[in-house]
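Descriptive analysis of the structure
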Amino acid sequence: MTSVTRFSVDTATVDEIVETVAIDGAAIVENLLDPGTVDAVNAELSPWIEQTNNGRDDFTGRATTRTGALVARSPECRKLVSDDLAISVAEQFLSAYTNKIQLHLTQVIRIRTGQGRQPLHRDRLAWGGYIPKSIEPQLNTIWAMTEFTNENGATRLVPGSPAWPDDRRAEPGEICQAEMPAGSVLFYSGSVIHGGGENQSGVDRVGINITYCLGWLRTEENQFLSCPPEIAKDLDPHLQELLGYTMPNYALGYYTEPKGMPEVGDILPPEYVLGRRPRTVLDTGLIDEAAT
């Protein structure tokens, strides 16, 4: 039976995690969050989770809830999104294909007891299969907010499958589950075959799915609607940029004020709507130096 490579929080290095995810498609770092932090996150998210309806099809899960907009709703989750290890792994893993990474989605996935297995899939198919296989579009994390066990629906994974042809199907012996203590995090690529597990435990399995992708791609969760400017303006600048309030490349992602003509010009970087200048604003040429 195959298994997911595990690292201790005290000894894990970015290089080792990135190398493992590149080859196997997944890696676990155990106990990255202390119990107090896990409790704080769960307490903050619980009211939102309890208001969330079950999925409406077999893929999203008819006994599974998916709660989003976590940056806007949960200050505790902002810490997970901006976690130093997660950001470092995502940036290094995706660095060959982009100048900047961005936040692809935030979602609490609660697998309730009685939920069956999710169909195995690759997350990169969110872009319809149009991205060449030579380009890895995303780096995913699932933070365990409860213990993940085989009985309660721990994520199923097929290590080594990123290199497989699209038509290859996993045999039972090639599939394992990401069992891990609460507070641990599963890193996995957009190309690894995976899916939610079956929950027969009698209790809910709760994980937080936080995903990063190439800065020039359309994101799965529309962050400008999930975390609009009136909320984003008060966040840390690095988190603002992860949400997409920046330009990943020259001339990619600028905007124009529809109702007026700002003194600084009519082609503006996204940071401007939040009341700040980007670090490279003069290099972009989008704002005249005399106006800064």
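Residues numbered from 1 in each chain as written. Predicted model: local features only at pLDDT ≥ 70, side-chain atom pairs only at ≥ 80, totals over all residues. Heavy atoms only, no water.

A closer look at unusual backbone geometry
We note that N31 has phi near 60°; this positive angle belongs to a residue other than glycine. Mapped onto the elements of the fold, N31 is located in the loop between β2 (26-30) and α2 (35-50). The class of N31 is partly exposed, set by a relative accessible area of 39%. Notably, A69 is not glycine yet its phi reads approximately 55°, a positive angle. Summarising the element assignment, A69 is placed in the loop between β3 (64-67) and α3 (70-73). Look at A69 and you get buried, because its relative accessible area is 15%. (Helix = DSSP H or I, 4+ residues; strand = E, 2+ residues; numbered from the N terminus. Buried < 20%, exposed > 50% of the residue type's maximum accessible area, 1.4 Å probe, protein only.)

Topic: the pattern of salt bridges
Counted according to the given criterion, the structure contains nine salt bridges. Close ionic contact of R168 with E174 constitutes a salt bridge, the shortest N to O distance being 2.5 Å. Residue classification places R168 among the partly exposed residues on the basis of a relative accessible area of 36%. Taking relative accessible area as the criterion, E174 reaches 22% and is therefore assigned partly exposed. Across the salt bridge formed by R276 and E241, the nearest N and O atoms sit 3.5 Å from each other. (Salt bridge = Lys/Arg side-chain N within 4 Å of Asp/Glu carboxyl O.)

Description of the nonpolar core
Ranked by internal contacts, the top residues of the largest apolar core, which has 49 residues, are W143, F187, I208 and Y212. V4, A26, I142 and Y188 belong to the second largest nonpolar core, which has 14 residues in total. (Core = buried A, V, L, I, M, F, W, Y, C linked by side-chain atoms within 4.5 Å.)

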